[in-house]
Amino acid sequence: MFGTLYRALQLLPIAAKAKPVLALSHGSRAMVIAARLLNIPTVVMMDYEFVQMIPFGPLALIIAPEVVAMGGIAKGKTVVAKYPGIKEDVYVPFFRPDEAIKHQLKLADDRIVVNIRPPATVAHYHNPVSEVLCAEVMNTLGALRNVKMVILPRTEINQTVWIRKNWPHLFADQKVVIPDQV
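It should be emphasised that the depicted structure is a prediction, and the values quoted were computed from it without experimental measurement.

### Remarks on the packing of aromatic side chains
Then, in step 1: Evaluation of the coordinates by the stated rule reveals 2 aromatic pairs.
Then, in step 2: Seen from their ring centres, Phe2 and Tyr6 are 6.1 Å apart, and the 15° between their planes marks the pair as stacked. On the criterion of helical spacing, the pair formed by Phe2 and Tyr6 is a turn pair, its members being 4 residues apart in helix α1 (residues 2-18).
Then, in step 3: By relative accessible area, which is 67% here, Phe2 ends up exposed.
Then, in step 4: The partly exposed category is assigned to Tyr6, whose relative accessible area is 46%.
Then, in step 5: On the numbers, 5.2 Å between centres and 90° between planes, the contact of Trp162 with Trp167 is edge-to-face.

Next comes the structure, spelled out in C-alpha cells:
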C-alpha cells in the first residue's frame, strides 16, 4: 500500500506538468490515484477478475477480455468494454516467434516445450500458494521424459537462485533452461 501511494505521489508532478486529457494503464493503481487526484478521466485495462478496485471513484472505462468476468468490479458510472481474445492480442497482435530461438535454447523438435513464468512474489497480488503450485509444476514436468522447460524468472536474485537451488538435477539433465535474455 505504501509503495502504491509513494508511486502515485511521484506521478502527480509529472502528470500535472504534462496535463494529459486521459490516463490509460494496464492495472496501475498508482496511476488511477494520481489521475483521480488531478481529475483526469481514467481508462484501465484489466485481465484478472478478482482484482480489488481502489475506492477513488468510478473509472471512465474498464477494458477487459471477454473471457474475464468483470461483474463485481465496475461500479457506478464505469463502462466496461469487452474484446475477444486475451491481453496479449492487444499489445502483441502480430507477434511471430523467431525460429532461431529453438537453436539458441537447444530445443529439440521431439520434446514438448513448456514456458514457465514463476509467481510474482514481489507483487501486491502475490499469494504464497503460488510458490507451492510452481514447485509442483516443476516436479511434475521434471519427471516427464519428453519435456523441456524454459523458465523466465521475474527476479535474478530471488527466483533464479530459488530455481537453481531447488532443481539442480533438472539443469544437469538439460530439462530446464533459463535464457540469458528474454
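### Structural notes on a nonpolar patch on the surface
Then, in step 1: A contiguous nonpolar patch, built from Val90, Tyr91, Val92 and Phe95 and spanning about 390 Å² of accessible area, is present on the exposed surface.
Then, in step 2: Since its relative accessible area comes to 53%, Phe95 is described here as exposed.

### A short note on helix α5 (residues 129-142)
Then, in step 1: Here α5 contains 14 residues, and its C-alpha end-to-end distance of 20 Å stays within 8% of the 20 Å for a straight helix at 1.5 Å per residue.
Then, in step 2: What α5 keeps buried is the set Cys134, Ala135, Met138, Leu141 and Gly142. Considered in projection along α5, the buried side chains sweep an arc of 140° and stay on one side of the axis. Away from the buried face of α5 by more than 90 degrees, exposed residues Val132 and Leu133 are located.

### Side note on the sheet that holds strand β5 (residues 112-116)
Then, in step 1: Here 3 strands make up an open sheet; going across it, the order is β5-β6-β7 and the pairing parallel. Either end of the sheet is taken by a strand with one partner, and the two such strands are β5 and β7 (176-177).
Then, in step 2: Of the pairings in the sheet, the one linking β5 to strand β6 (residues 147-151) comprises 5 bridges and is parallel in character. Looking at the pairing, Asn115 lines up with Val150 of β6.
Then, in step 3: Against the sheet, α5 makes contact with β5, β6 and β7, and its axis sits at roughly 145° relative to β6, the strand it touches most.

Criteria and cut-off values
Residues numbered from 1 in each chain as written. Predicted model: local features only at pLDDT ≥ 70, side-chain atom pairs only at ≥ 80, totals over all residues. Heavy atoms only, no water. Phe/Tyr/Trp six-rings, centres within 6.5 Å; stacked < 30°, edge-to-face > 60°. Helix = DSSP H or I, 4+ residues; strand = E, 2+ residues; numbered from the N terminus. Buried < 20%, exposed > 50% of the residue type's maximum accessible area, 1.4 Å probe, protein only. Patch = residues over 30% accessible without salt bridge, like charges linked within 9 Å, V, L, I, M, F, W, Y side chains within 5 Å. Areas by Shrake-Rupley, 256 points an atom, 1.4 Å probe, with all protein chains shown as cover. Salt bridge = Lys/Arg side-chain N within 4 Å of Asp/Glu carboxyl O. Expected span 1.5 Å × (residues − 1). Arc of directions from axis to C-beta. Pairing = 2+ DSSP bridges. Contact = heavy atoms within 4.5 Å. Axes fitted to C-alpha atoms, helices over the stretch in contact; angles between N-to-C directions.

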